[in-house]
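Residue-level listing of the chains:
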Amino acid sequence: MKTQSTWNKYVHAPFKKVVAFDLLCMAMGMPIGAGLATAFLTGDIYKLIPWVMENARHLM
């Protein structure tokens, strides 16, 4: 009789797809993080914050 592990019980996705999804998220997150780090280091973040706040009103 085969017992089910916690992984098989709650996550019904193949391991390769989970790894591919993680790599995709990391590939998208690295440029975003690099851009934010550059904005902080150059001081442009203070120009970016009002733009984000102004455009965030349209989403709410």
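All values reported here derive from a predicted model rather than from experimental measurement.

### A word on the overall build of the chain
Scanning the chain for helices and strands turns up 3 helices and 0 strands. Listing the helices and strands of the chain from first to last along the sequence gives α-α-α. Out of the 60 residues in the chain, the part that is buried amounts to 3%. By element, 71% of the accessible surface of the chain is carried by carbon and sulfur atoms, the whole surface being about 5900 Å².

### A short note on the pattern of salt bridges
For the structure on display, the rule yields 1 salt bridge. A salt bridge links lysine 47 to aspartate 44, with the nearest nitrogen and oxygen atoms 3.7 Å apart.

### Section: helix 2 (residues 15-42)
Spanning 28 residues, helix 2 covers 40 Å between terminal C-alpha atoms, matching the ideal 40 Å at 1.5 Å per step. Where helix 2 terminates, the next one or two residues include glycine 43, which has phi positive at roughly 85 degrees.

### Observations concerning the confidence of the model for the chain
For any part of a model where pLDDT is low, the fine detail of the predicted coordinates should not be relied upon. Averaged over the chain, the pLDDT score is 82; the fraction of residues at 70 or greater is 83%. Looking across the chain, the model is least confident in helix 1 (residues 6-10), with a mean pLDDT of 67, and most confident in helix 2, with 91.

### Focus: a nonpolar patch on the surface
A cluster of nonpolar side chains, contributed by Ile32, Leu36, Phe40, Leu48, Trp51 and Val52, occupies part of the molecular surface with about 610 Å² of accessible area. Residue assignment for the nonpolar patch shows that the elements contributing at least two residues are helix 2 and helix 3 (45-56). Note that isoleucine 32 resides in helix 2. On the basis of relative accessibility, which here comes to 54%, the residue isoleucine 32 falls in the exposed class.

Thresholds applied
- Residues numbered from 1 in each chain as written.
- Predicted model: local features only at pLDDT ≥ 70, side-chain atom pairs only at ≥ 80, totals over all residues.
- Heavy atoms only, no water.
- Helix = DSSP H or I, 4+ residues; strand = E, 2+ residues; numbered from the N terminus.
- Buried < 20%, exposed > 50% of the residue type's maximum accessible area, 1.4 Å probe, protein only.
- Areas by Shrake-Rupley, 256 points an atom, 1.4 Å probe, with all protein chains shown as cover.
- Salt bridge = Lys/Arg side-chain N within 4 Å of Asp/Glu carboxyl O.
- Expected span 1.5 Å × (residues − 1).
- pLDDT = per-residue confidence, 0-100.
- Patch = residues over 30% accessible without salt bridge, like charges linked within 9 Å, V, L, I, M, F, W, Y side chains within 5 Å.

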